[in-house]
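# Reading the structure
Residue-level listing of the chains:
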Amino acid sequence: MKLLGQLTRHLLLALGGVYMLAPIVLMLASAFTPTADILAGNYLARPTLDNFVEVARTVPLGTYYLNSVLVALATFALQLVVCVPAAYAMARLRYRGRTITVWLLGLLILIPFQVLAIPIYLIFRQVGLINTLPALILPFVGSAFAIFLLRQFFLALPGSMFDAATLDGAGTVATLLQIVIPASRPALLSLGVFTVTSAWNAYFWPSFVLSDDSAATIPFGVVRFINSDAVTAYGPQMAMATLSVLPLLLAFLFAQRQFIRGLALTGQAG
Amino acid sequence: MSTLRSRLTPHLLLAPATICLVVFVAAPLVIVLVLAFFNLNLVTGTSSFVGLANFTTEIPHPEFARALRNTLLYAVFTIGPSMVGGLLVALLIHGLRRGQGFWRSLYFLPVATTLVAMSAVWRWMFRADTGVVDTVLGPLLGIHDWLSDPNLALAAITVVGNWHQIGLVAILYLAALGTLPQDQYDSAALDGAGGWNRFWHVTWPALGPTTIFVFIMTAGSALQAYDVIAAMTQGGPLGSTETLTFAIWNRGVHYFDIGRAAVLSLALLVLSVAVTAIQRTGYARRLESGGTR
């Protein structure tokens, strides 16, 4: 009876699993199958890399990857430089108006970026940032959510840690670099996963500020590719989608726990 | 000197973040409000104050009602199924004696993918007649060519929206299930409470805070739905999948009608604030406190 229950659970989960896996499996299988075979339903009958060659021939794949990596890493690096000091001040230092700043931060988190896209788009048009990498990075550097998250974490760190540093006569920068950052590695790692994957997957904002390939990231390239190519060339389309998805899937399979913890932040980001 | 420095330190630490938040959040918020009252011509660079004209053009317009309706429908058909599906998956996995990690990873896989790229895959799967959906589900459901049918295209979009977030909902519920106190189950079992009773009287109230959190999250992503629509339908056919967020792009970037795009942005802001306000209402507050009914 117990065994039957367990078996039923596995069976039901497998049923739902088909829904979860079907698009990923079909994409991977099609990416390595000639388009003619895909249309005939003979997936992987004659495995080939031709689809990827075709993609590399028609789009500036190197530029896409380089841009995606640069945007993801620069966003996170700048976010650290800007948000860690602010979160530290709001968690650990005393200054006039601290309550108000914390309250304002809570208010800013509630505003979805989509509401602000039109004005930021106009500003960037005005200063000539359309089709540049900074346009993809700058709006996300000062993240109210990141500051909020880090502040929560800094608040939970033991106060004695900071007292010791103060007694040692450590300056603010030294305290940040030698105590706060090493002690916050789990929080920084989660934020890193969250920020890097958000930047890597982003399509909403790129579709505002990008119109050509010069600063294009992979998701933008994918949409451009599937909308431009002949409708029947499914092989290359699936290869292009694979190129966008695969790096994250691999990263997820190798660091599941960190990934799940980082992406679970999605709900809090407003 | 040193006291001056220590008094300045917090402000120096806050300065970069403050500048960023003013330039990219506070100022744009004010600008979007102002833009809603102006007619801005991006080609000539001229602008004129038009009072409430943008509001009186946009809000009674059938396209606005349609965008609201699509957004609401998308919300209803992603929030409900994702929450129920995610909770179900979590409960199934939680009761497993082996294989928990495997199923958790499998269901989380879609969350770790690039949504816009996977939407391109889904678009191909939903392709008329030759796509997987039509060849496999077509004979069963008796419907086909979802994406060209104004009555079915939004349904196809929600299939993808749910696909992408069920795993995330499941993970959040799983985490909550892992922290439930065992003694309440023991006493419920002593009282002879069956499976459903135990769920309804012990598990569901204890999951309250997570349920609220998941609702806010799924409602937020429903309001911000964009990637799936951009890659699969471009708002079509006949505007049947144009949601509020997609309409902002369409009016603002595609048609350069900044004034009306600003009005749509404000509508999105109002709805987003309304969703968070739900958190403060009766049933939500009771769930949040994890209390009894």
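Residues numbered from 1 in each chain as written. Chains lettered and ligands numbered in written order. Predicted model: local features only at pLDDT ≥ 70, side-chain atom pairs only at ≥ 80, totals over all residues. Heavy atoms only, no water.

Before going further, it helps to examine the UniProt feature "transmembrane region" (unreviewed entry) in chain A. Residue and element names in this part refer to chain A. Residues annotated by UniProt as "transmembrane region" (unreviewed entry) correspond here to residues 12–32, 64–88, 100–124, 130–150, 187–205 and 234–255. Measuring from the first to the last C-alpha atom of residues 64–88 gives 36 Å, for a span that is 100% helix and 0% strand. Within the segment residues 187–205, helix and strand shares are 79% and 0% respectively, and the terminal C-alpha atoms sit 26 Å apart. (UniProt positions renumbered as here; feature names shortened; annotations may be inferred. Helix = DSSP H or I, 4+ residues; strand = E, 2+ residues; numbered from the N terminus.)

Residue and element names in this part refer to chain B. According to the domain assignment, chain B consists of domain 1 (2–53) and domain 2 (61–288). Taken over C-alpha atoms, the centre of domain 1 sits 33 Å from the centre of domain 2. Between domain 1 and domain 2, the contact holds eight residues from the first and eight residues from the second. Taken together, the two surfaces of domain 1 and domain 2 that pack against each other cover about 670 Å², and 85% of this comes from carbon and sulfur. The largest contributions to the domain 1 side of the interface with domain 2 come from Val 32, Ala 36 and Leu 42, which together make up 53% of the buried area. Connecting domain 1 to domain 2 are zero salt bridges. For the side of domain 1 that touches domain 2, the elements supplying multiple residues, two or more each, are helix H1 (2–35) and strand E1 (38–41). It is H1 that provides the largest number of residues to the side of domain 1 that touches domain 2, a total of four residues. Here the residues of the side of domain 1 that touches domain 2 sort into eight nonpolar, no polar and no charged. (Domains from an automatic or database assignment. Contact = heavy atoms within 4.5 Å. Buried area = accessible area lost by both parts, 1.4 Å probe. Salt bridge = Lys/Arg side-chain N within 4 Å of Asp/Glu carboxyl O. Nonpolar A, V, L, I, M, F, W, Y, C, P; charged D, E, K, R; others polar.)

For the rest of this paragraph, the subject is a nonpolar patch on the surface. Residues and elements named next belong to chain A. Taken together, the side chains of Ile 100, Trp 103, Leu 104, Leu 107 and Leu 110 make up a nonpolar region of the molecular surface, amounting to roughly 510 Å² of accessible area. Take Leu 104: it is sitting in helix H5 (residues 98–109). For Leu 104, a relative accessible area of 41% puts it in the partly exposed group. (Patch = residues over 30% accessible without salt bridge, like charges linked within 9 Å, V, L, I, M, F, W, Y side chains within 5 Å. Areas by Shrake-Rupley, 256 points an atom, 1.4 Å probe, with all protein chains shown as cover. Buried < 20%, exposed > 50% of the residue type's maximum accessible area, 1.4 Å probe, protein only.)

Bringing the pairing of strand E2 (residues 46–49) of chain B into the picture now. Residues and elements named next belong to chain B. Taken together, the four bridges between E1 and E2 define a ladder with antiparallel strand orientation. Residue pairing in the sheet places Phe 38 in a bridge with Phe 49 of E2. With antiparallel pairing between neighbouring strands as the criterion, E1 and E2 make up a hairpin whose turn holds four residues, including Gly 45 at a positive phi of roughly 75°. (Pairing = 2+ DSSP bridges.)

Residues and elements named next belong to chain B. Mapped onto the present numbering, the UniProt feature "transmembrane region" (unreviewed entry) falls on residues 12–38, 72–93, 105–125, 152–175, 206–226 and 258–278. Secondary structure across residues 72–93 comprises 100% helix and 0% strand; the distance between its end C-alpha atoms is 31 Å. Taken end to end, residues 105–125 has its terminal C-alpha atoms 23 Å apart, with 71% of it in helix and 0% in strand.

Trp 205 and Phe 208 of chain A are the most contacted members of the largest nonpolar core, which has 189 residues in total. Counting residues domain by domain, this core receives three or more from each of domain 1 (2–53) and domain 2 (61–288) of chain B. Sequence-distant contacts of Trp 205 of chain A, defined by excluding residues within four places in its chain, comprise Phe 113, Ala 117, Ile 120, Tyr 121, Phe 124, Ala 135, Leu 136, Pro 139 and Phe 140 of chain A. (Core = buried A, V, L, I, M, F, W, Y, C linked by side-chain atoms within 4.5 Å.)

All right, on to the environment of Thr 58 of chain A then. Residue and element names in this part refer to chain A. Relative to the helices and strands, Thr 58 resides in helix H3 (residues 50–58). For Thr 58, a relative accessible area of 42% puts it in the partly exposed group. Sequence-wise, Thr 58 and Arg 9 are 49 residues apart; in three dimensions their C-alpha atoms are separated by 47 Å. Looking at Thr 58, its side chain comes within polar contact range of the main-chain oxygen of Glu 54, at 2.9 Å. (Polar contact = N/O pair within 3.5 Å; in protein donor to acceptor, adjacent residues only side chain to side chain.)

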